[in-house]
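Tertiary structure, described
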Amino acid sequence: MMQAVKIAPSVKLPRLALLLVAVAGLGLAGCDDNGGDPKIQIGANPVLPALQQYFIPPIRIAKVVAWGKETPTVPPGLQVHALATGFEHPRSLYVLPNGDVLVVESNGPKAPISRPKDIITGWVQWFAGAKAKDANRITLLRGAKGDDTPELRTVFLDHLNSPFGVALIGHDLYVANTDAIVRYPYQDGQTSITAGTKLTDLPGGPIDHHWTKSLLASPDGSKLYVGVGSNSNITENGIGAEYERAAIWEVDRASGARRIFASGIRNPTGLQWEPETGKLWAIANERDEIGPDLVPDYLTSVRDGGFYGWPYSYYGQHLDPRVQPQRPDLVATAIAPDYALSSHVAPLGVAMYAGTDLPANYRGGAFVSEHGSWDRSPLNGYKVVFVPFSGGKPSGPAQDVVTGFLDANNHARGRPVGLAVDRTGGLLIADDVGDTVWRVSSNNPRSASNN
């Protein structure tokens, strides 16, 4: 039986791509992209169905359309507006102590093509808005108050190499390019920087499958934690290409020396400290191509020395038969994540909320941006959710907070990526398809601050 790869009817592909998709659509009998209820895969005990295997998985692309006069949708008690527009693929955000907002505009380096699957993947990313121009810069926004637009917008850092993570410690500003962490001298209020020095190399090309490198400073400022994604979906580029990848690194800020803090995390795209316990938490994108409801992406605390399964097992000790030879010694130690976010939602930003602008029910929990699926039906993600915390761990179901990135026809007006909390407590969202930074705030600030 032939299993066809499904392409949304509104998307037109060039003949070569259509031919490759048709040839690649030789899956195993009974495989399809029809997922179950995403809600049963949210929380500490997600439902995990039997896996399916594909030669090439089904493809569901959300065609990109413009926002026009529309904006995202938020619940009662909140409001949302465009803080700034006209960026080139804004991916992450960082708020400086003086309130300046750094907008990282970047995209991944060009990947080599070695198989028909690589061409198809490239087309998928292009139609989903993931192959936009790479600005390779950081833009500074200053002076935004409430719903006002910034009074200053300027290029802060330029000519970078697919940057993503940013961290300021004292007067040292660190930027995680795809292949290195670079340190720049920074003075309060500075509006541009030119010269920096490399602290340490990071795994980069020539493949660089997961190129984003998330970055977080330790509370005492002595260490940097770096999320380094895998170099494949499931080791199809060889296990040697995964050296020191699929891991969270700990880097000594003084010397640049590094060690693997935790491993087996396929793509740790965001890192945060949980304020009540001081533990490190991460969001992660899990593996694809074993079904529309496998494997749930997740939010989890991260143990020093912990192993989280990739590539040999998923969600604890569920074996992935595609990986040979197996490592039962590692699988026996695999840690199940704390909290499932549902399959293929692609979390790319996380922010623990300690501000006072938003209503009290949002305080102490985690906002997570879900960039959205490309390989299941119906589409999953394409929103910002809130996970409540109590006692330093998730305490309830994820709540939809910022939606409307998909229109009624399942076209993508935008896709949320990086998150940050500004100096006044508003939630900032980088939208890399809408090329916008959105700001979510209370529509009744006085009552919010008194809650």
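Residues numbered from 1 in each chain as written. Predicted model: local features only at pLDDT ≥ 70, side-chain atom pairs only at ≥ 80, totals over all residues. Heavy atoms only, no water.

Looking only at helices and strands, one finds four helices and 29 strands in the chain. Put simply, the chain has 451 residues, and 56% of those count as buried. Partitioning the contacts of the chain with sequence separation of at least 6, the portion at a separation of at least 24 is 61%. Surface summary for the chain: the accessible area is close to 18200 Å², and the carbon and sulfur share equals 53%. (Helix = DSSP H or I, 4+ residues; strand = E, 2+ residues; numbered from the N terminus. Buried < 20%, exposed > 50% of the residue type's maximum accessible area, 1.4 Å probe, protein only. Contact = heavy atoms within 4.5 Å. Areas by Shrake-Rupley, 256 points an atom, 1.4 Å probe, with all protein chains shown as cover.)

Turning next to the packing of aromatic side chains. Within the structure shown, the criterion is met by 12 aromatic pairs. Arranged with centres 5.1 Å apart and planes meeting at 90°, the rings of Tyr362 and Phe386 form a pair that is edge-to-face. Of this pair, Tyr362 sits in the loop between β21 (347-352) and β22 (366-370) while Phe386 sits in strand β23 (residues 383-387), and the two are 24 residues apart along the sequence. For the pair formed by Tyr362 and Phe386, the shared burial category is buried. Consider the rings of Phe367 and Phe386, whose centres lie 5.0 Å apart with planes at 55°: the pair is tilted. (Phe/Tyr/Trp six-rings, centres within 6.5 Å; stacked < 30°, edge-to-face > 60°.)

Attention now moves to the environment of Asp435. Along the chain, the position of Asp435 falls in the loop between β28 (427-431) and β29 (436-442). Of the residues examined, Asp435 reaches a relative accessible area of 23% and is grouped as partly exposed. Measuring from C-alpha to C-alpha, the distance between Asp435 and His89 comes to 5.6 Å, with 346 residues separating the pair along the chain. The residues touching Asp435, leaving out its near neighbours within four places in the chain, are Thr85, Gly86, Phe87, Glu88, His89 and Pro90.

The subject of this paragraph is the pairing of strand β4 (residues 101-105). Of all five residues making up β4, five are buried, and the element is well covered by its neighbours. Of the two faces of β4, both are covered, the one formed by Val101, Val103 and Glu105 as well as the one formed by Leu102 and Val104. Where strand β3 (residues 90-95) meets β4, five bridges bridge the pair, whose relative direction is antiparallel. Bridging across to β4, Val95 finds its partner in Val101. As paired strands, β4 and strand β5 (residues 137-142) are joined by five bridges and run antiparallel to one another. Considered in β5, the bridge of Leu102 is made with Leu140. (Pairing = 2+ DSSP bridges.)

To continue, consider the sheet that holds strand β11 (residues 213-217). If you trace the four strands from one edge of the open sheet to the other, you get β11-β12-β13-β14, paired in antiparallel fashion. Each edge of the sheet is formed by a strand with only one pairing partner; in this case those strands are β11 and β14 (258-263). Averaged over all neighbouring strand pairs, the angle between strand axes comes to 25°, with direction disregarded. (Axes fitted to C-alpha atoms, helices over the stretch in contact; angles between N-to-C directions.)

This part covers the sheet that holds β22. Strand-to-strand pairing in sheets goes through backbone hydrogen bonds, with the strands running parallel or antiparallel. One open sheet accounts for four strands, arranged β21-β22-β23-β26; its pairing is antiparallel. Looking along the sheet, the strands with just one partner apiece sit at the ends: β21 and β26 (399-402). Averaged over all neighbouring strand pairs, the angle between strand axes comes to 30°, with direction disregarded. With three bridges joining them, β23 and β26 adopt antiparallel strand pairing. Note that in β26 the partner of Phe386 across the bridge is Gln399.

Here Gly108 is to be found in the loop between β4 and α2 (116-127). C-alpha separation for the pair Gly108 and Phe164, spaced 56 residues apart in sequence, amounts to 9.8 Å.

Turning our attention to the confidence of the model for the chain. Per-residue confidence for the chain gives a mean pLDDT of 89, with 86% of residues at or over 70. Low pLDDT (under 50) marks residues 1-30, which in the prediction has 53 contacts with non-local residues, meaning those over four places away or in another chain. (pLDDT = per-residue confidence, 0-100.)

On to the side chain of Gln41. Structurally, the position occupied by Gln41 is in the loop between α1 (15-24) and β1 (42-43). The exposure class assigned to Gln41 is buried, which follows from its relative accessible area of 2%. In this structure the side chain of Gln41 is engaged in a polar contact, spanning 2.8 Å, whose partner is the side chain of Ser343. Dropping the residues within four chain positions of it, Gln41 is found in contact with Pro46, Val47, Leu48, Pro49, Asp293, Pro296, Ala340, Leu341, Ser342 and Ser343. (Polar contact = N/O pair within 3.5 Å; in protein donor to acceptor, adjacent residues only side chain to side chain.)

This next bit is on the pairing of β28. The buried fraction of β28 is high, at five of five residues. Where burial is concerned, the two faces of β28 agree: the one with Leu427, Ile429 and Asp431 and the one with Leu428 and Ala430 are both buried. As defined by bridge partners, strand β27 (residues 416-421) adjoins β28 across four bridges and the pair is classed as antiparallel. By the bridge assignment, Ala420 is partnered in β28 with Leu428. Linking β28 back to β29 in an antiparallel pair, the connection comprises four residues, with Asp435 at a positive phi of about 55°.

Ranked by internal contacts, the top residues of the largest apolar core, which has 23 residues, are Tyr362, Phe367, Val402, Ile429 and Val440. Broken down by secondary-structure element, the contributors of at least two residues to this core are β2 (78-85), β23, β26, β28 and β29. Grouped together as the second largest cluster of nonpolar side chains are 20 residues, Tyr225, Ile265, Ile290 and Val302 included. (Core = buried A, V, L, I, M, F, W, Y, C linked by side-chain atoms within 4.5 Å.)

Mapped onto the fold, Ser232 is located in the loop between β12 (223-228) and β13 (247-252). Engagement of the side chain of Ser232 in a polar contact is seen with the backbone nitrogen of Thr235, the distance being 2.7 Å. A distance of 2.7 Å separates polar atoms of two side chains, one belonging to Ser232 and the other to Glu242. The residues contacting Ser232, other than those within four sequence positions of it, are His209, His210, Asn237, Glu242, Arg266 and Trp310.

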